[in-house]
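One-letter residues, chain by chain:
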Amino acid sequence: KTNPTTTSATVGRYGGRIDLGTITQHNLRQLKRLNQVIFPVAYHEKFYSDVLHFGDLAKLAYFNDIPVGAVCCRIESTGDQRRLYIMTLGCLAAYRQMGIGKVMVDHVLSICDRDSLLEAVYLHVQVSNDSAINFYKRFDFEVVDIRSNYYKRITPSDAYVLQKTIFGTPPTPLPWPQDKLSGVVENGFDHEDSHIDDSLHSDEPTKNNGQNCNDSSSTQS
Amino acid sequence: MSSSTTLPTKENNLFKRILKSYEHKQYRTGLKFAKQILSNSKFAEHGETLAMKGLLHNYLGQKEDAYELVRRGLKNDLRSHVCWHVYGLLQRSDRKYDGAIKAYHNALKWDPDNVQIMRDLSLLQLQMRDNEGYCKTRGRLFKLRPNNRINWMGYIVALNLVGRYKQALAMLEQFRKLQFVDTEYEASEVLLYQAQLMDEAGRPTDKVLAFLSENQERILDKLSFLEFQGRLLVADGSYQRAAEVYNQLIDRNPENSIYYQGLITSLRLTSPEEKLALFAEKHSRYPRAEAPQRLPLDIAQGETFRTIAKLHLKERLRKGVPPLFLNLKSLYEDAEKLEILESIILDFYKNLCSSRKFEQSDDKLEPPTSLLWTLYFLSQHFDYRGKMDRAVGFINDALEHTPTLIELLMCKADVLNHCGDPRGSVRCLEEAQALDTADRYVNCECALALLRDGRVDEAGVMVSRFTRDGCTISSYLREMQCMWYETKVALTEKRSGHLGQCLKACHEVDRHFVEFVEDQFDFHSYCVRRLCIRPYIEFLRETDRLKRHPFYATVSELAVSVYLLLHRQPGLRDRKPDPTPEPEAARKAERKQRKAAKRKAEAERQRRMEEERDRMRKEQRDRKRAVDSGETESDAPKEQELDSDKLLHTETPLTDALRFVNALREFNPASISTHLLAFEVFLELGKPLMMLQAVAAATRLVGNHSGLNPGPPDISALHPGIHRCRILFSHWWRRNSDSLTNSDVSEMVVAIVSEWPPPYRPDAELTQTNEDFLTRTPDSLAVRLAVARTTASLAPESGPRAAAALLFDWELDKVRESANSIIDALNALESLENGSLGELDPSRIVEFKCKCRSLFPLSTCFNADQDEGTDDEEETPQTYQYLNGDYF
């Protein structure tokens, strides 16, 4: 009932079934509610009305038929360069380490497979968000830039720009923050699913007071 | 037709064209021809033409002209079967069936062999359940036209209905020989009908079975065949064959629990172990079927039950089966099973929290949804047990775990509603509704919650999201016969004191039931023509039982209680419902902030209402236009819109109530409120024997003090409603027995009443009896209300003050300990508010609400300020986070 338009299901951890589903005007509120709970920043109404027209670029993730996560991307063109930008990707705390994040990233990468003009996939992540950084590393993302004061209302306010280059010359990668890498591996606890908090990269940290700080659209290099 | 006798050829041809136009529903064309005949001064008063003209006017919606013309036509030609037939048709179209039947009979007097009239007559006779008359008419039709299979089958059905089985069977036998059937399926149906008829006629079971076996090949409806055969075989004692049949049936559909019962009977299994073994076998054969897994839970006891239940729960919690609790709820009537289920589920919860497993011995870890569904089950479990803070705690935990699962929000809405927080309930459902706006079920639930919160207009706006465009909500719901909604509206409006609106909703539902009976017309000829007789006969019998439906019972009870209020307090008609009493000063500041938001919401609501009104106006215009242009050609008379004001200002509330009372007595005799309400109506009508009949019926239902067996006068065990009835009867009798002229009645009354316990007899100190009743059960609000109402009835002048006092005079702690429901408290509140316990100072009502609030701490429905909490999203949950102790 909850999920009429799923792609073929993946079996996640503990035998849970993971599907992706289309976002429609009828279940848009589910996306809002998920983002509200998962991310520390609020998104503007326009973000949600746009999402309805994104097609495959925005998906809800279902775990055993319950909506528990979502991914929203957009395509950015600057000059002759086309890149896929992941605006949000995250799932509810109780459902992390189930393999849902992987299904969502795989989905994003499959878009690149189909669209041969896409040069790269990139995103912002808060510098303190170790688990997200490690999560994306497993998909061969590289740190290509650091943006100071990227986030307006959360600290630390700096963000890494993570990028996975599909073709063309990749920018020179910055070294991965060493201490963080070792930390998680040593943790020994579910490192396979280190995308806990794969949440804090949003390029539109609009705030509750309704002001749209859309400055980040200029962050593309 | 014999009409031609008085008209020359030219006019006669015109007349025939009128008839033709009528048959083709070209009413205006028909009128033109009629005008041509009537404009000839020689035929200006031609009866049959006038009658036909009237009939045409009727279908164009001009009722008055129609009756005028038809009557004039009839007067001019009393010997014309056409005129009588038309008169019958006219009355039939107005649902005056008795009159129509008389007219048809008159028509047949002048044309005894007119098949058309006979057919029309037979339909009405059946509709009125004049089975004998129907059988007679059908018999004549059969004799007149024996070549028509409809006449055969019509007569057979009629014979069946009046119980002349022998003749019916003989005819059916003949019917089959005459090769009337067109298709194999028709033949199959006729055979099954014959078998059913044989069974109904009481033919020996082995004969019926033999008949079925003989024709097995030709019976195509295998399911009906097997079900029928299985039933007969069990009755016949042929258990072995019966078992084979039931095994076949289970093979066809392993979910039907009746088949398992049949199989158990056939195999003569008695011990639980044998039955469980059978279910285990069936489960291994049909691993996906639910019934062989669920039914063992009904049978198993003790530790066996624990083992099965554990597995049952585990699988379903893992899979995520939303109605799991609902499916198991019936087990909760068994106190032992309830305890076992509770311990299992609490264990599961503990283990899931600590180690991600249902049980320590499990080898696999559970996905997070297992914990989620466990929390969901726990909340429903404690809700059922009335441990509200635990129910709230678990559902809040679940929502924190997964805020996007709609079922959780619906569950929380239920829990809050049971806490007496309809507003919070609405908030949950509004969120649920927003999460999936394409889900009509959630939408309906949300509308229901709004109604429970007394917000009728908003509920309308909510359901309108799914109603057709360009159609008002109320007319759409009426057209769709949406009774769950209308019934709830009636309940809500009564609670809010809008008695006219309540009556309107009640009558809407009543009209639907009239409509259902009307709808039979479509089937009388169709079913017989298509030879689907078995379902048809079942349908006829079911229609006669329709008013047993809970919707009908609910609105009938509501209507009767409203009419009683109107009779006893005529002033209520003109009382505008009070605006909610002024809130305390402390709340005022808080309130101000909300006002802005409220104004906005109100504006939005106004806008929607405005749209609704526009639509309504448009609809009326359209309807009018359609009538004017003769586009509406429906046979049904256009119903007048119900007017709540008119209903409210009825001159005869008791007579109006009587109709509903009689329906309740006929269709709901097993409900005690039927008889308690009937008593009140008969009391007001001054009918002592009917009153006593009602008391006796109610007493029989409750089971003690049957009147025949005096027993020890333990009045504390008496139902408070019966207590009230007896006191009011004796009180009435004391004042009215002298004026009674019929001594037989007096004697009967005296004889019956002398069987009552002495404190209830007319010579007793009734006020004292009433007070004593309260002393014995002082902590039940229902008893308090019954006693208070009785006090008010016993002494209408001084009573009210004393009566109302009874509702305040309780000790919180003690009342809390005895089982008082929120409904009891709301009923008491309603009685205080509608003035049936006398006019009260508004501050007293606020005081009563305060007391109720302390009694039901999670409730908001007793808040003095009704508007409170409209926009405080975060208000309640924090305080009642899951508490690990047992608080009740």
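A quick note: this is a predicted structure, and the numbers were derived from the prediction, not measured.

Colleague: Hey, could you run me through the overall build of chain B in this one?
Modeller: Broken down by element type, chain B carries 45 helices and zero strands. Each of the 888 residues in chain B was classed as buried or not, and the buried ones make up 50%. Looking at chain B alone, contacts between residues at least 24 apart form 63% of all its contacts between residues at least 6 apart. Carbon and sulfur atoms form 51% of the exposed surface of chain B, whose accessible area is close to 42500 Å².

Colleague: Help me out: how do you make sense of the overall build of chain A in this one?
Modeller: Counting its regular elements, chain A contains five helices and eight strands. Going from N to C terminus, chain A has its helices and strands arranged as β-β-α-α-β-β-β-α-β-α-β-β-α. Scored against the burial criterion, the 221 residues of chain A give a buried share of 53%. In chain A, once contacts between residues fewer than 6 apart in sequence are set aside, the share between residues at least 24 apart is 68%.

Colleague: I keep staring at helix α17 (residues 291–299) of chain B and nothing clicks. Help me out?
Modeller: Owing to its 3.6 residues per turn, the α-helix aligns residues three or four sequence positions apart on the same side. Burial of α17 of chain B is extensive: eight of the nine residues sit out of reach of the surface. Along α17 of chain B, the positions that sit buried rather than exposed are Ala291, Pro292, Gln293, Arg294, Leu295, Pro296, Leu297 and Ile299 of chain B.

Colleague: Looking at this model, I keep getting lost on the confidence of the model for chain B. Mind explaining?
Modeller: Any residue range with low pLDDT should be treated as having predicted coordinates unsuitable for detailed reading. All names here are of chain B. Averaged over all residues, the pLDDT of chain B equals 87, while 89% of them reach at least 70. Confidence drops under a pLDDT of 50 for residues 578–587, and excluding neighbours within four residues, the segment shows 11 contacts in the predicted structure. In this model, residues 705–716 is a region of pLDDT below 50 whose contacts with residues beyond four sequence positions or in other chains number 17 contacts. Confidence estimates for the predicted assembly give a pTM of 0.85 and an ipTM of 0.82.

Colleague: Just to check I follow, could you spell out the interface of chain A and chain B for this structure?
Modeller: How big an interface is tends to be stated in terms of accessible area lost as the parts join. Of the residues lining the interface, 18 residues belong to chain A; the matching set on chain B comes to 22 residues. A buried area of about 1900 Å², summed over both sides, lies between chain A and chain B, and 60% of it is on carbon and sulfur atoms. Our enumeration of links across chain A and chain B arrives at two salt bridges. Here Glu431 of chain B makes a salt bridge to Arg33 of chain A, at a shortest N to O gap of 3.5 Å. There are six residue pairs in polar contact (both at pLDDT 80 or more) connecting chain A and chain B. Taken together, the elements giving at least two residues each to the side of chain A that touches chain B come down to α1 (28–38) and β4 (66–78) of chain A. Among the elements that make up the side of chain A that touches chain B, the one with the highest residue count is α1 of chain A (five residues). Class assignment of the residues belonging to the side of chain A that touches chain B gives a composition of 10 nonpolar, five polar and three charged.

Colleague: What is the right way to look at the side chain of Thr404 of chain B in this model?
Modeller: In this fold, Thr404 of chain B is placed in the loop between α22 (388–401) and α23 (406–418). Reaching out from Thr404 of chain B, the side chain makes a polar contact with the backbone oxygen of Pro67 of chain A at a distance of 2.5 Å. Ignoring anything within four residues of it in the chain, the contact list for Thr404 of chain B reads Gln30, Arg33, Leu34, Ile66, Pro67 and Leu92 of chain A together with Leu435 of chain B.

Colleague: So what exactly am I meant to see when it comes to the packing of aromatic side chains here?
Modeller: Aromatic rings in a pair are described by how distant their centres are and how their planes are angled relative to each other. Residue and element names in this part refer to chain B. With the rule as written, the count across this model stands at 39 aromatic pairs over all chains. Both rings, one in Trp732 and one in Trp733, keep their centres 6.3 Å apart while their planes meet at 35 degrees; by these two values the pair is tilted. Overall, Trp732 belongs to the buried group, its relative accessible area being 10%. Following the ring pairs from residue to residue traces out a cluster consisting of Phe142, Trp152, Tyr155, Phe175 and Phe180. The ring of Phe382 has Arg390 lying over it, and the distance from NZ or CZ to the ring centre is 4.4 Å. Between Arg659 and the ring centre of Phe660, over which it is positioned, the NZ or CZ distance is 4.9 Å.

Colleague: I would appreciate a short explanation of the side chain of Ser370 of chain B in the present structure.
Modeller: Structurally, Ser370 of chain B can be placed in helix α21 (residues 368–384). When near neighbours in sequence (up to four residues on either side) are disregarded, Ser370 of chain B contacts Leu317, Arg318, Leu352 and Phe358 of chain B.

Colleague: How should I be thinking about α21 of chain B in this particular structure?
Modeller: Residue and element names in this part refer to chain B. The first and last C-alpha atoms of α21 sit 25 Å apart over 17 residues, in line with the 24 Å expected at 1.5 Å per residue. Taken across its 17 residues, α21 has 16 buried, putting it largely inside the fold. Of the residues flanking the end of α21, it is Gly386, one or two places downstream, whose phi is positive at about 75 degrees.

Colleague: Please clarify how the environment of Ser110 of chain A should be interpreted in this entry.
Modeller: Along the polypeptide, Ser110 of chain A turns up in helix α3 (residues 100–114). As a C-alpha pair, Ser110 of chain A and Ile100 of chain A span 10 residues in sequence and 15 Å in three-dimensional space.

Colleague: How do you make sense of the pattern of salt bridges when you look at a structure like this?
Modeller: Once the charged atoms of two side chains with opposite charge are near each other, the side chains can pair. All names here are of chain B. Taken as a whole, this structure holds 50 salt bridges over all chains when the rule is applied. For the salt bridge of Arg534 with Glu189, the shortest nitrogen-to-oxygen distance reads 3.0 Å. In this pair, Arg534 sits in helix α31 (residues 533–543) while Glu189 sits in helix α11 (residues 184–200), placing the two residues 345 residues apart along the sequence. Here Arg534 matches Glu189 in class, with each residue buried. Lys814 is paired through a salt bridge with Glu811; the nearest N and O atoms lie 3.9 Å apart.

Colleague: Just checking my understanding: could you explain the packing of helix α16 (residues 272–285) of chain B against α17 of chain B for this structure?
Modeller: When two helices pack together, you describe them by how their axes are tilted relative to each other and by the distance separating the axes. Residue and element names in this part refer to chain B. Where α16 contacts α17, the two axes come as close as 9 Å, and the packing angle between them is 170 degrees. Judged by the inter-axis angle, α16 sits roughly antiparallel to α17. Contacts from Pro272, Lys275, Leu276, Phe279, Lys282 and His283 in α16 reach Pro292, Gln293, Leu295, Pro296 and Ile299 in α17. Its residues assigned to classes, the contact of α16 with α17 comprises seven nonpolar, two polar and two charged.

Cut-offs used in this document
Residues numbered from 1 in each chain as written. Chains lettered and ligands numbered in written order. Predicted model: local features only at pLDDT ≥ 70, side-chain atom pairs only at ≥ 80, totals over all residues. Heavy atoms only, no water. Helix = DSSP H or I, 4+ residues; strand = E, 2+ residues; numbered from the N terminus. Buried < 20%, exposed > 50% of the residue type's maximum accessible area, 1.4 Å probe, protein only. Contact = heavy atoms within 4.5 Å. Areas by Shrake-Rupley, 256 points an atom, 1.4 Å probe, with all protein chains shown as cover. pLDDT = per-residue confidence, 0-100. Buried area = accessible area lost by both parts, 1.4 Å probe. Salt bridge = Lys/Arg side-chain N within 4 Å of Asp/Glu carboxyl O. Polar contact = N/O pair within 3.5 Å; in protein donor to acceptor, adjacent residues only side chain to side chain. Nonpolar A, V, L, I, M, F, W, Y, C, P; charged D, E, K, R; others polar. Phe/Tyr/Trp six-rings, centres within 6.5 Å; stacked < 30°, edge-to-face > 60°. Lys NZ or Arg CZ within 6 Å of the ring centre and 35° of its normal. Expected span 1.5 Å × (residues − 1). Axes fitted to C-alpha atoms, helices over the stretch in contact; angles between N-to-C directions. Parallel < 35°, antiparallel > 145°, perpendicular 65-115°, else oblique.

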